[in-house]
Amino acid sequence: MNGVFLLLALGLCVLALAFVLIPLLREPRGVEAPGRREVLLAVHRDRVVELDQDLASGTLTAARHARALADLERELLDSGVLEADAGTGGERRGQRRLVTGLAAASLALLPFAAAGIYLSVGHADEVFAARAPAGQLAPPPSQEAPSEAEMTREFTRLVEGLQARLAQDPEDLESWVLLGRTLVFLDEFEAAGRAFGEALRHGGDRDPNVLVRYADVLAELQGGLAGEPAALIEQALAIDPEHAQGLWLAGTRAYRAEAFDEARGYWERLLGVLPADSAEAEVIRGNLAQLALRQE
């Protein structure tokens, strides 16, 4: 099937070339295209006729007519068309042979050049790939993950767009939250903290997700969860007692403060929220086991 596809593609390419090359190679019937010499002579005759008409109508004096006629003759001489034209026929035959040679080369080389370019830069891997068995879907083509530099450029453009939007509508809570999350990705924690602070002032204080994210950013800035981050986490858990990230951060804060019973309480609540077979649940079980060892 792949060979048939290639043959059909080459055949269509040759057919398309035929529509271009056949009219180019065909001799005109009964009419010979005028050359440069004939065209210039015809233009010269027309201009002489116009001068004669102007002289006859009285719009041009005899002296001016003679002067203009002399200028036309000089232009004609300078163009070289009055020189011997003995080589015209041979030149025309040479041009004909050149056109024929170029047409033959195009017909012979262009289809194979097109196939070569397609095989090198096209999607030939999809055309010539082994077909999946009947009833079985072929696997999707693998896509290369974007590099960190590309991700950074994309998030930087997103930050600029969000800042422009917020300049027009500073009450937009979702844009403040998205701006804060994007700045966290760019490791701009101070700017992210300001964005989440604005989000809280525009209704985010009622959203446990926003409260916990803000607490996490503040903890990164101050190097710990004590103080304002802890207050934000408690505020989030008051709204949603089963908020997974809030329970995780609350248990972590208590563990670092060596409040082990409090840490166990948060993590046991978190274990009841997480799917039992999840990787996160396995981590929490390990934390609880480590906590039990420390209390022995």
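Parameters and conventions
Residues numbered from 1 in each chain as written. Predicted model: local features only at pLDDT ≥ 70, side-chain atom pairs only at ≥ 80, totals over all residues. Heavy atoms only, no water. Helix = DSSP H or I, 4+ residues; strand = E, 2+ residues; numbered from the N terminus. Buried < 20%, exposed > 50% of the residue type's maximum accessible area, 1.4 Å probe, protein only. Contact = heavy atoms within 4.5 Å. Areas by Shrake-Rupley, 256 points an atom, 1.4 Å probe, with all protein chains shown as cover. Salt bridge = Lys/Arg side-chain N within 4 Å of Asp/Glu carboxyl O. Core = buried A, V, L, I, M, F, W, Y, C linked by side-chain atoms within 4.5 Å. Axes fitted to C-alpha atoms, helices over the stretch in contact; angles between N-to-C directions. Parallel < 35°, antiparallel > 145°, perpendicular 65-115°, else oblique. Left-handed = near helix turned anticlockwise from the far one by under 90°. Nonpolar A, V, L, I, M, F, W, Y, C, P; charged D, E, K, R; others polar.

Concerning the overall build of the chain
Right, so step 1: When its secondary structure is counted, the chain shows 13 helices and zero strands.
Right, so step 2: In the chain, which comprises 296 residues, the share counted as buried stands at 27%.
Right, so step 3: Intrachain contacts of the chain at a sequence separation of at least 6 include 50% that bridge at least 24 residues.
Right, so step 4: When the accessible surface of the chain is summed, it comes to about 20000 Å², and 58% of that surface belongs to carbon and sulfur atoms.

Focus on the pattern of salt bridges
Right, so step 1: Within the structure shown, the criterion is met by six salt bridges.
Right, so step 2: With its nearest N and O atoms 3.9 Å apart, the salt bridge here joins Asp205 to Arg206.
Right, so step 3: Residue Asp261 pairs with Arg264 through a salt bridge whose shortest N-O separation is 3.0 Å. Placement of both Asp261 and Arg264 in helix H12 (residues 260-273) is noted, with a separation of three residues, approximately one turn of the helix.

Overview of the nonpolar core
Right, so step 1: In terms of nonpolar packing, the biggest core is built from 44 residues, with Leu179, Leu183, Leu232 and Ile233 touching the most fellow members.
Right, so step 2: If you list the elements that add at least two residues to this core, you get helix H6 (148-168), helix H7 (173-185), helix H8 (189-201), helix H9 (208-222), helix H10 (228-239), helix H11 (244-256), H12 and helix H13 (279-295).
Right, so step 3: Setting aside its immediate chain neighbours within four residues, Ile233 contacts Ala215, Leu225, Gly246, Leu249 and Ala250.

Regarding the packing of H12 against H13
Right, so step 1: Where H12 contacts H13, the two axes come as close as 10 Å, and the packing angle between them is 155°. The angle between H12 and H13 falls in the class roughly antiparallel. The handedness of the crossing between H12 and H13 is left-handed. Of the residues in H13, those in contact with Phe260, Asp261, Ala263, Arg264, Trp267, Glu268, Leu270 and Leu271 of H12 are Ala281, Ile284, Arg285, Asn287, Leu288, Leu291, Arg294 and Gln295.
Right, so step 2: Taken together, the residues that form the contact of H12 with H13 break down as nine nonpolar, two polar and five charged.

In short, geometric facts, not functional conclusions.
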